[in-house]
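A closer look at the structure
Residues per chain are reported as follows:
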Amino acid sequence: MSEATASHSSTQQILDELGIASENSGAFDGTWIDTQGELVHSVNPTTGEVIASVRQATAEDYEQVAAASSQAFREWRTWPAPKRGEVVRLLAEELRKHKAALSALVTLEMGKVLNEGEGEVQEMIDMADLAVGMSRQLYGLSMHSERPQHRMYEQWHPLGPVGIITAFNFPVAVWAWNSTVAAICGDSMIWKPSSQTPLTAVAVTNIAARVLERENAPAIFNLAVGDRHAVGGPLVADHRVPLISATGSVTMGRKIGTVVAERLGNSLLELGGNNGIVVTDDADLDLVLRAVLFAAVGTAGQRCTTTRRLFLQKGIAEEMKGRLIQAYGSVRIGDPMDPSTLMGPLVNQGAVDDMMNAIEVAKEQGGEVLYGGGKIDRPGFFVEPTLVAAKAHMPITCEETFAPILYIFEFEDLDEAIELHNSVPQGLSSAIFTLNMRSAERFLAATGSDCGIANVNIGTSGAEIGGAFGGEKETGGGREAGSDSWKIYMRRQTCTLNWGTELPLAQGVEFDI
Ligand code: NAD
C-alpha cells in the first residue's frame, strides 16, 4: 500500500488535514473572502459524488483580490531575491509535509491514479527546489560600451502581479511551475484554477498562506475561483497584471491571447498538444511498448503531452499493433486510489461524450477501431483505452481529443513519417524510437520534429522540470519550468552609466552648441 493510502484511510481525514470544509470560499487575498458567487460542486469522477463545494468569486471579489495582489507586489519586490528564495524553500518543506494528503486530493478530485497524483505533488516540490537555486542566479549580461568611460549592462527587475490560469488535468503542478519562479522573481500572483478542480487550489493556497504568514511575507499567493464573467475575463483584461500565464485548450488560448495582445500585455500560453511517436524498423520494441502504454494510457489520456498518434514503420507495424492490442487488454482500469490501478476515469461526462463522438467521427473518416472504443458500465466516468488504425490526414487526427485514443499510422521511410508527424496544427511533444544514430539525429534536426519537445527512446509525456517546457504552433509558444524561462516573469532593463567628464553620443553623432 502506498504511503498516501496507508496514512489516509478516509476522504474526511484528507480534507481535514488540508483545511477543506464542506463549503469553502473561492477567493483569497491574504485572508479568505466571504465570496458571493455561484456555488461550484467538486465531483469525484470515480464515483460521481460531490466531495465538497466552493463558493466562487464575483467580479467585486476579484477586484478585492487584484487590489491586494498589487499591494503585496509593492512590498515583495523590495525583498532581495535570495530571501524570496528562502520563502519558496519553506514552501517546498510545507508541501513535503502534506504531500500524501495533497496527492490523494488530486486523485479524488481529478481522477488520475494515486501514483501520478504523488508525482504531481513531487513536481511542485522539485519546482520549488529549482526556483530556490534560481533565486541566486537571476543573471544579467554586461556589454562593452562603444563610448569611453561608459559601462553598459542589463538587469532584471520584478514584473508585477502575474495572472495564472490553470487547466484541470494538472491542477497543482502548473501553479507551481509558474508561482515558484514568479515568487523568486519578485512577483505576486492571482491564480484562477479550473472550476473543475477548485478544492486542490484551496488546499494549495492554505499551504502557501501558512508559509507567508510565518515568514511575515506579503500575501503574494492569491486565489480567485470563478467563471469567465466574474474572474477569467476581468483578470485577462486587467492592466495591473502585466503577464497572463494561461494553460489550457487552444480555443481558450486564442481568446485570452487576443485580449492580452489588445492591451499590449504579455502572455505565456501553454496549450493543447497532438503528440506523436515515430517507431522505425530497428527500434527496441520492448521499450516502445512500455513507453507508448504510459504515454497514451497514463492519466487516461488527459495529459497535454499524451501520445495521440503513433507512426509505425511497415516492417514492425503488424507485430507492434499485436503487442499493443494485447497490452491494452491487460490495463487495470478502476478506482485511482487503488495502487494496482493503471487507468482511472475521465474527468466528467462531457469528456466521455467527446471521446465517443471522436471515435464515431474517426470511423466515418475511414479509421478502424483495433481495441476498445466504448464506455465502461460503472459509476463515474470510465472508458476503454482505444486503438484506432488511421489513414494519413484524417481530419479528426489533427484535433486533440482529451481522452485515451491512440491513432496508428504506417509509413515506408522516415522522411514520410516526419512530414506526416509535422502536418498537424499543434507542436508540443514528440519522440522517435530508433537504435540508428542517423535516424535519431534526422528527427532532432531543424528539418525534423517541429515540436517544442523532441525525445529519443523516451515517450512524449513525463517531462522533467529542469528543461524549458512548452510547444510551438497552436500550442502557443510559451516556455515554463526550467532553463531561462524565469525571464518572462521579470522585466529587463538596459542601463548605460557614464563615469567620465565628456558626453559622447553613440554612432559618432555630434550635437554640440
Ligand atoms: P480549458 O481550456 O477548458 O480551461 C483551462 C483554463 O482556462 C480553465 O481555468 C478555464 O476556466 C480557463 N478559461 C477558459 N476560457 C477562458 C477565457 N475565455 N478567459 C479566461 N479563462 C478561461 O482546458 P481544460 O479542459 O481545463 O484542460 C485541458 C486542456 O489544457 C487540453 O487542451 C490540454 O492539452 C491543455 N493543457 C496544456 C498544457 C501545456 O503545458 N501545454 C498543460 C496542461 C493542459
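All figures in this text were calculated on a predicted structure; none of them were measured in a lab.

1. Overview of the side chain of T460
Considering the arrangement of structural elements, one finds T460 in the loop between β19 (453-456) and β20 (472-473). Within polar-contact distance, the side chain of T460 engages the side chain of T307 at 2.6 Å. In this view, T460 contacts N275, G276, I277, A295, T305, T306, T307, S429, S430, A431 and N455; residues no more than four positions away in its chain are not counted.

2. Structural notes on the domain arrangement of the chain
With domains assigned, the chain is organised as domain 1 (8-271) and domain 2 (275-464). The straight-line distance from the C-alpha centre of domain 1 to that of domain 2 is 31 Å. Opposite the 19 residues of domain 1 that make contact, domain 2 presents 24 residues. In total, about 1,700 Å² of surface goes out of reach between domain 1 and domain 2, with carbon and sulfur atoms giving 64% of it. In this assembly, domain 1 and domain 2 are joined by 1 salt bridge. The partner of E116 in a salt bridge is R303, with the nearest N and O atoms 3.2 Å apart. For the pair domain 1 and domain 2, the number of links is 6 residue pairs in polar contact (both at pLDDT 80 or more).

3. Brief notes about the side chain of T434
Within the fold, T434 resides in the loop between β18 (429-433) and α15 (437-444). At 2.8 Å, the side chain of T434 and the side chain of D282 are in polar contact. Once residues within four sequence positions are removed from consideration, T434 is found in contact with T280, D282, A283, S439, A440 and N457.

4. Comments concerning the sheet that holds strand β3 (residues 39-43)
Across the sheet, 3 strands lie side by side as β1-β4-β3; this open sheet has mixed pairing. Strand pairing shows two members of the sheet lacking a second neighbour, β1 (23-25) and β3, which therefore form its edges. For this sheet, the mean angle separating the axes of adjacent strands, direction not counted, is 30 degrees. Alignment of β1 against strand β4 (residues 50-55), held across 3 bridges, turns out to be parallel. Across the sheet, the residue bridging to S25 is R55, located in β4.

5. Here's the deal with the nonpolar core
Membership of the largest hydrophobic core comes to 75 residues, with the highest contact counts inside it found for L18, I20, L102, M124, W175 and F221. Sorting elements by how many residues they give to this core places helix α8 (residues 198-214) first, with 10 residues. Contacts of L18, omitting those with residues within four sequence positions, involve H98, A101, L102, L105, A203, N206 and I207. Counting residues in hydrophobic clusters, the runner-up holds 56 residues, among them M110, A358, L387 and A417.

6. Comments concerning the site of the ligand
Near the ligand there are 24 residues, and of these T166, K192, S249, L271 and E400 occur at the shortest range. A distance of 3.1 Å is found between an oxygen atom of the ligand and a backbone nitrogen or oxygen belonging to F168. Contact distances for the ligand include 2.6 Å between an oxygen atom and a side-chain N or O atom of E400. If you list the elements that add at least two residues to the shell around the ligand, you get α9 (228-237) and α10 (250-262). Counted by class, the shell around the ligand contains 11 nonpolar, 9 polar and 4 charged residues. Three or more residues apiece are contributed to the shell around the ligand by two domains, here domain 1 (8-271) and domain 2 (275-464).

Thresholds, definitions, all that
- Residues numbered from 1 in each chain as written.
- Predicted model: local features only at pLDDT ≥ 70, side-chain atom pairs only at ≥ 80, totals over all residues.
- Heavy atoms only, no water.
- Helix = DSSP H or I, 4+ residues; strand = E, 2+ residues; numbered from the N terminus.
- Polar contact = N/O pair within 3.5 Å; in protein donor to acceptor, adjacent residues only side chain to side chain.
- Contact = heavy atoms within 4.5 Å.
- Domains from an automatic or database assignment.
- Buried area = accessible area lost by both parts, 1.4 Å probe.
- Salt bridge = Lys/Arg side-chain N within 4 Å of Asp/Glu carboxyl O.
- Pairing = 2+ DSSP bridges.
- Axes fitted to C-alpha atoms, helices over the stretch in contact; angles between N-to-C directions.
- Core = buried A, V, L, I, M, F, W, Y, C linked by side-chain atoms within 4.5 Å.
- Buried < 20%, exposed > 50% of the residue type's maximum accessible area, 1.4 Å probe, protein only.
- Near = heavy atom within 4 Å.
- Nonpolar A, V, L, I, M, F, W, Y, C, P; charged D, E, K, R; others polar.

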